[in-house]
Amino acid sequence: MKKTFKTAIGMMSGTSLDGIDACLLKIYDDFHFEVIDSHSLKYPEDVRKKLLKLANNKGTTKDICNMDFVVGHLFAQCANELIKKSKLKKEEIDFISSHGQTIWHTPKPVKTADIKTRSSLQIGNISVISELTGITTIGDFRSKDIAANGQGAPLVPFADELIFKKETPRAIQNIGGIGNVTVLSKNCETFAFDTGPGNMLIDYFVQKLFQKPFDKDGEIALKGKVDEKWLSFLLKEKYYLKKPPKSTGRELFNEDYAKRIYKHAPKDKNSIITTLTALTAKTIYDAYTKYIFPNTEIKEIVLGGGGAYNKAIIKFLNQYFGNNIKIKTHSDFKINDKLKEAIAFAILGFCTLEKKTNNLPTCTGAQKRVIMGIVSYT
Ligand SMILES: Nc1ncnc2c1ncn2[C@@H]1O[C@H](COP(=O)(O)OP(=O)(O)O)[C@@H](O)[C@H]1O
Ligand SMILES: [Mg+2]
């Protein structure tokens, strides 16, 4: 009898550059899935430093070339550790699907000669992953959407639509390095955009001022006060006024940006973190008010990504949104908050192999539905 599911590993590493999240799961033909196991691999410090340099446009072509293979090795290591942990045999796994590590994304077309194009680069070479795991590997999803005149982002809404359906009008709000929302409602086509910084600025200042990698559970932010003057200054950023579709990343909210805003920051270290945490929540609230509520009502917000663990972000979201909207997390839907994106890329890769289209032009702006992803076979 024909197997009606595939066993897959989805892998993701986002703009936070914290490391790789991998999920081993079964995906059935109707796209429902069962998670078998998961694993995360933290980037070694010197890898993180080099990636940060590249993401800040401060590396050389030689560095990019080398890091593509280094990161490929780490993705393969993460997959191999996950397989070992799960006690499945390698032969039982049908494919690996990797988002890779974005080091640059140009959502606005640039003209060279008479060629005007957007571009995006995810490293973590898929031939390396496939060779070192012995498993067919899919990657490089964004290029095809860009070739079809899209922004190549966001891609996760395709999976959000399959996972959450549209019966209840919901906003699926990821808070990774950047905040991204997918709007699911019967009243409108699925749309999505980046709301602004998620953890990226919080992480930067926690590392600088407290020598910690991030504000665990929002503990630091919960100790300080919002500096309203600095918050209004931060809210003047032009990105927030742009109409969707829009996407952003380290191209804007980078180290230079952080240094610039630091000049206007309050003296109290805790309050710097509190205000940046409020900024993440406020930009989410403002974006919903401007760009979502005019199209559809929303009954609940489902938070995901590492920011879903930040109690101060949740506190501010509850403050801004009030009682009319429930703030939930993916774990309320029995999905690990940090794994949804890895699951999403497994679903995207499943489509690539099945030759099914897997972009949502209403989200990326592409001129048509295309099959994203390229395959390295074993
Ligand atoms: N327990 C926690 N409390 C607060 N923040 C957390 C926690 N765990 C993770 N994070 C935040 O989430 C970030 C990683 O989230 P992730 O969803 O992996 O983002 P990305 O997709 O950008 O890599 C970390 O850099 C950190 O800021
Ligand atoms: Mg991450």
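Since the structure is predicted, the reported quantities are computational estimates derived from the model, not experimental observations.

**A word on the overall build of the chain**
Consideration 1: Looking only at helices and strands, one finds 13 helices and twelve strands in the chain.
Consideration 2: For 378 residues, the compact-globule estimate of 2.2 N^0.38 gives 21 Å, and the C-alpha radius of gyration of the chain, at 20 Å, lies within 12% of that figure.
Consideration 3: Principal-axis analysis of the C-alpha atoms gives the chain an extent of 65 × 50 × 50 Å.
Consideration 4: Out of the 378 residues belonging to the chain, those deemed buried represent 56%.
Consideration 5: Sequence-distant contacts, at least 24 apart, represent 69% of the contacts inside the chain between residues at least 6 apart.
Consideration 6: As presented, the chain carries roughly 17400 Å² of accessible surface, and 53% of it is formed by carbon and sulfur atoms.

**Overview of the domain arrangement of the chain**
Consideration 1: Each domain of the chain was delimited in the assignment, giving domain 1 (5-153 + 341-376) and domain 2 (158-333).
Consideration 2: The straight-line distance from the C-alpha centre of domain 1 to that of domain 2 is 24 Å.
Consideration 3: The partner domain 2 presents 25 residues to the 26 residues of domain 1 that form the contact.
Consideration 4: The interface formed by domain 1 and domain 2 includes one salt bridge.
Consideration 5: In this structure, the salt-bridge partner of K58 is D256, at a minimum N-O distance of 3.8 Å.
Consideration 6: Applying the counting criterion to the domain 1 and domain 2 interface returns nine residue pairs in polar contact (both at pLDDT 80 or more).
Consideration 7: Looking at the side of domain 1 that touches domain 2, the elements with two or more residues in it are α1 (45-55), β4 (95-112), α12 (340-354) and α13 (361-364).
Consideration 8: Here the side of domain 1 that touches domain 2 takes six residues from α12, the largest share from any one element.

**Re the site of ligand 1**
Consideration 1: The environment of ligand 1 is made up of 19 residues, and the closest members are S16, G177, D203, D217 and G306.
Consideration 2: Between ligand 1 and T15 there is a distance of 3.2 Å, counted from an oxygen atom to a backbone nitrogen or oxygen.
Consideration 3: Within the contact set of ligand 1, an oxygen atom lies 2.9 Å away from a backbone nitrogen or oxygen of G306.
Consideration 4: Taken by itself ligand 1 offers 570 Å² of open surface, and the protein chains cover 91% of this.
Consideration 5: Looking at side-chain class alone, the shell around ligand 1 contains two nonpolar, ten polar and seven charged residues.

**Overview of the pattern of salt bridges**
Consideration 1: The tally for this structure, following the rule as stated, stands at 13 salt bridges.
Consideration 2: In this structure, E354 and K6 form a salt bridge, with 3.2 Å as the shortest nitrogen-oxygen distance. Linking E354 in helix α12 with K6 in strand β1 (residues 5-13), this pair joins segments that are 348 residues apart in sequence.
Consideration 3: In this structure E354 comes out as partly exposed when scored by relative accessible area, which is 31%.
Consideration 4: Of the residues examined, K6 reaches a relative accessible area of 25% and is grouped as partly exposed.
Consideration 5: One salt bridge in this structure joins D217 and K216, with 3.3 Å as the shortest N-O distance.
Consideration 6: Judged by its relative accessible area of 49%, K216 falls in the partly exposed class.

**Quick look at the packing of helix α2 (residues 61-86) against helix α3 (residues 126-133)**
Consideration 1: It is at 8 Å that the axes of α2 and α3 come closest, and there the two elements cross at 40°. Helix-helix and strand crossings are classified by hand; for α2 and α3 the assignment is right-handed. Residues F69, G72, H73, F75, A76, A79 and N80 of α2 pack against V128, I129, L132 and T133 of α3.
Consideration 2: Across the contact of α2 with α3, the residue classes break down as seven nonpolar, four polar and no charged.

**Description of the layout of surface pockets**
Consideration 1: Roughly 390 Å³ of internal volume is contained in the second largest pocket.
Consideration 2: For the second largest pocket, the lining is made up of 18 residues, of which P107, K108, Y239, K242 and S247 are closest to its centre.
Consideration 3: Looking at the lining of the second largest pocket, the element that brings in the most residues is β4, giving six residues.
Consideration 4: Taken together, the residues of the lining of the second largest pocket break down into six nonpolar, six polar and six charged.
Consideration 5: Taken domain by domain, the makeup of the lining of the second largest pocket includes at least three residues from each of domain 1 (5-153 + 341-376) and domain 2 (158-333).

Basis of the calculations
- Residues numbered from 1 in each chain as written.
- Chains lettered and ligands numbered in written order.
- Predicted model: local features only at pLDDT ≥ 70, side-chain atom pairs only at ≥ 80, totals over all residues.
- Heavy atoms only, no water.
- Helix = DSSP H or I, 4+ residues; strand = E, 2+ residues; numbered from the N terminus.
- Rg over C-alpha atoms; globule rule 2.2 N^0.38 Å.
- Buried < 20%, exposed > 50% of the residue type's maximum accessible area, 1.4 Å probe, protein only.
- Contact = heavy atoms within 4.5 Å.
- Areas by Shrake-Rupley, 256 points an atom, 1.4 Å probe, with all protein chains shown as cover.
- Domains from an automatic or database assignment.
- Salt bridge = Lys/Arg side-chain N within 4 Å of Asp/Glu carboxyl O.
- Polar contact = N/O pair within 3.5 Å; in protein donor to acceptor, adjacent residues only side chain to side chain.
- Near = heavy atom within 4 Å.
- Nonpolar A, V, L, I, M, F, W, Y, C, P; charged D, E, K, R; others polar.
- Axes fitted to C-alpha atoms, helices over the stretch in contact; angles between N-to-C directions.
- Left-handed = near helix turned anticlockwise from the far one by under 90°.
- 1 Å grid on protein atoms, 1.4 Å probe; cavity = no way out; pocket = protein on both sides within 12 Å on 5 of 7 lines; lining within 4 Å.
- Points joined across faces, edges and corners; volume = space filled by probe spheres on them.

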